[in-house]
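Each chain, letter by letter, is given below.
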Amino acid sequence: MSASARDSVDVLIVGGGPVGGTAAALLARATRTERDAPRIAVLEPRRPVYPAANGPVDLRVSAYSRASERVLQGAGAWDAIKARRICPYERMRVWHEHVAPTSPDALVFDAAEVGEPNLGYIIETRLVQSALLDAAEQAGARVVAAELASLTIGEDDVHVETSAGTLSARLVIGADGAQSAVRAAVGVAAETSGYQQTAIVAVVGTEKPHQSTAWQRFLQTGTLAFLPLSDGTSSIVWSADDELAKSLLAMAVADFESALAVALDNALGATRLVSERASFPLRRLAAQHYVTHRCALIGDAAHVVHPLAGQGVNMGLLDAAALAELLIAGRHEREDPGALRILRRYERWRKTETHTLAVAIDTFDRLLAHGTGPLARLAQRGLGWVNRSEEAKRVFIRRALGVAGELPAAARTASRAS
Ligand SMILES: Cc1cc2nc3c(=O)[nH]c(=O)nc-3n(C[C@H](O)[C@H](O)[C@H](O)COP(=O)(O)OP(=O)(O)OC[C@H]3O[C@@H](n4cnc5c(N)ncnc54)[C@H](O)[C@@H]3O)c2cc1C
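What comes next is a walk through the structure. No experiment lies behind these values; they were computed from the predicted model shown.

What about the pattern of salt bridges?
Using the criterion set out here, one finds 20 salt bridges in the structure. Notably, a salt bridge pairs Asp36 with Arg331, separated by 3.3 Å at the nearest N-O pair. You can see Asp36 sitting in the loop between helix 1 (18-31) and strand 2 (40-43) and its partner Arg331 sitting in helix 8 (residues 312-332), a full 295 residues away along the chain. When salt bridges with common partners are traced through the structure, they connect Asp10, Arg39, Arg170, Arg294 and Asp336 into a single cluster.

Rendered as structure tokens:
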């Protein structure tokens, strides 16, 4: 569908990734039966299709928490997602290179310990995105196949130029990822820093079964994760120091496979590449503000964290749910959706939470993956301590389930462990 010069909407979401799709679907579903339901549009130039049942697994997969499952249910996308290939993971095994994967100093989270069937799901990004955009459309939102060209914020509305025409909106939500054009257009600065690491991703077969377990080993040169997939293969994320990553990417396939098995301490035996290797430079990003007059930033447009904790998209879904909740509440009080009063509530709610988590993730990276001093050795031993302390373990399992922090209503009843 193309935009036209006469188009005017209440809420324009720029970016139909997992986070923008969630915001669109939650808002549209919550208001669709109202007589003056808001006009909602999503700009997404690269709308994906559902993965074919027997086709190769995409390289872009993420671990979704149980809280995210609840948000996706609220967005009306979960049935379409769970009907396709997703892999619940029941356990996480995390260890440092100084100990064996089966040592008591390895940290094991088991969903059964808190009476849950699983800790979350490994899902291809394009499956989540397709289901969300379908759900948003079914609830009355428009998905426009266009890219943002520019935007100008006025007192009463935002004037938006897209590759398919012109639009005006009372509120623009920037959900257009780390390189956000919305963030740049409204002049919000972002602090960025490189980790001097590159994430190598690939799909691999393993000699031993993955046991529905997410495996993660902290190495002095980075972090290696094996995420279980429903066909028995695993999706790897190897966040390695840049120099090492360069040589791993240049290696012949057989050499890479051997290096990979060794890096996981042979916990799953020999490995076999079943996809190409792709790589992403890793950077941290924190927008200085999440909101300005008539504009809010959500997901990677507001914050990007290291993938080692598998939190980026989960944080973004909570942003989308929190913003949707406040906008819907504001609507009942006849508030203008672009009013700073409402948007600031969203910023207060989410900025502290995401900042705290980003700092914790960076500390894990510094101490567990790279650290050599006494503090690092203490942290490395701490994995074993957490493993032996029921109380500490519960705190970490709550974080893995996504039920820690002040949750939006859409995510709240995710788990009995809360
Ligand atoms: C290697 C790796 C592994 C990861 N693993 C995990 C994990 O296990 N768990 C987890 O929670 N997170 C993980 N993440 C993080 C996760 O991928 C991101 O946090 C998530 O994709 C952010 O979603 P988003 O919708 O905010 O942005 P994006 O996924 O970047 O989507 C942005 C959307 O905006 C669109 N867009 C961009 N520019 C424009 C424009 N100008 N106009 C219109 N549309 C535009 C794009 O086409 C895209 O669809 C991982 C990241 C990496 C790099």
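Some words on the site of the ligand
Around the ligand lies a shell of 31 residues, among which Glu44, Ala63, Leu148, Asp300 and Val313 are the nearest. One of the side-chain nitrogen or oxygen atoms of Arg46 is found 3.2 Å away from an oxygen atom of the ligand. Across the complex, the protein chains shield 85% of the 1000 Å² of accessible surface that the ligand would expose by itself. Mapped onto the shell around the ligand, the elements with two or more residues apiece are helix 1, strand 3 (61-65), strand 12 (190-206) and helix 8. Ranked by residue count, the leading element in the shell around the ligand is helix 8, at three residues.

Some thoughts on helix 8
Taking 1.5 Å of rise per residue, 21 residues should cover 30 Å, and helix 8 covers 31 Å from first to last C-alpha, within 8% of that figure. Burial analysis of helix 8 places 16 of its 21 residues in the buried class, the great majority of the element. Arg334 lies just past helix 8 and shows a positive phi near 60 degrees.

Thoughts on the layout of surface pockets
Within this model, the second largest pocket holds a volume of roughly 390 Å³. If you trace the second largest pocket, you find 20 residues lining it, with Asp36, Pro38, Arg170, Arg331 and Glu335 closest to the centre. Elements that contribute at least two residues to the lining of the second largest pocket include exactly strand 1 (8-14), helix 1 and helix 8. Here the lining of the second largest pocket takes five residues from helix 8, the largest share from any one element. When grouped by side-chain class, the residues that make up the lining of the second largest pocket number nine nonpolar, three polar and eight charged.

Digging into the packing of helix 1 against helix 2 (residues 66-74)
Between helix 1 and helix 2, whose axes approach to 9 Å, the crossing angle comes to 50 degrees. Relative to helix 2, the element helix 1 is oriented oblique. Counting all contacts with helix 1, which are made through Thr22, Leu26 and Arg29, the residues of helix 2 involved are Val71, Leu72, Gln73 and Gly74. Class assignment for the residues of the contact of helix 1 with helix 2 results in three nonpolar, three polar and one charged.

Notes on the nonpolar core
One finds Leu12 and Ile81 to be the most contacted residues of the largest nonpolar core, which totals 116 residues. With twelve residues, the single largest contributor to this core is helix 8. Grouped together as the second largest cluster of nonpolar side chains are 21 residues, Ala106, Leu219, Ala245 and Phe256 included.

Here's the deal with unusual backbone geometry
Phi angles above zero are rare outside glycine, and Gln196 is one such case at about 55 degrees. In this structure, Gln196 sits in strand 12. The phi dihedral of Ser212 is positive, around 50 degrees, even though this residue is not glycine. Mapped onto the fold, Ser212 is located in the loop between strand 12 and strand 13 (213-219).

Re the sheet that holds strand 4 (residues 87-89)
Ordered by their spatial adjacency, three strands build an open sheet running 3-7-4, and the pairing between neighbours is antiparallel. The open sheet is flanked by strand 3 and strand 4, the only strands paired with a single partner. The sheet shows a mean angle of 30 degrees between the axes of neighbouring strands, taken without regard to direction. Pairing analysis gives three bridges linking strand 4 to strand 7 (residues 120-124), with the strands arranged antiparallel. Bridge pairing in strand 7 links Tyr89 to Gly120.

Scoring rules and cut-offs
Residues numbered from 1 in each chain as written. Predicted model: local features only at pLDDT ≥ 70, side-chain atom pairs only at ≥ 80, totals over all residues. Heavy atoms only, no water. Salt bridge = Lys/Arg side-chain N within 4 Å of Asp/Glu carboxyl O. Helix = DSSP H or I, 4+ residues; strand = E, 2+ residues; numbered from the N terminus. Near = heavy atom within 4 Å. Polar contact = N/O pair within 3.5 Å; in protein donor to acceptor, adjacent residues only side chain to side chain. Areas by Shrake-Rupley, 256 points an atom, 1.4 Å probe, with all protein chains shown as cover. Expected span 1.5 Å × (residues − 1). Buried < 20%, exposed > 50% of the residue type's maximum accessible area, 1.4 Å probe, protein only. 1 Å grid on protein atoms, 1.4 Å probe; cavity = no way out; pocket = protein on both sides within 12 Å on 5 of 7 lines; lining within 4 Å. Points joined across faces, edges and corners; volume = space filled by probe spheres on them. Nonpolar A, V, L, I, M, F, W, Y, C, P; charged D, E, K, R; others polar. Axes fitted to C-alpha atoms, helices over the stretch in contact; angles between N-to-C directions. Parallel < 35°, antiparallel > 145°, perpendicular 65-115°, else oblique. Contact = heavy atoms within 4.5 Å. Core = buried A, V, L, I, M, F, W, Y, C linked by side-chain atoms within 4.5 Å. Pairing = 2+ DSSP bridges.

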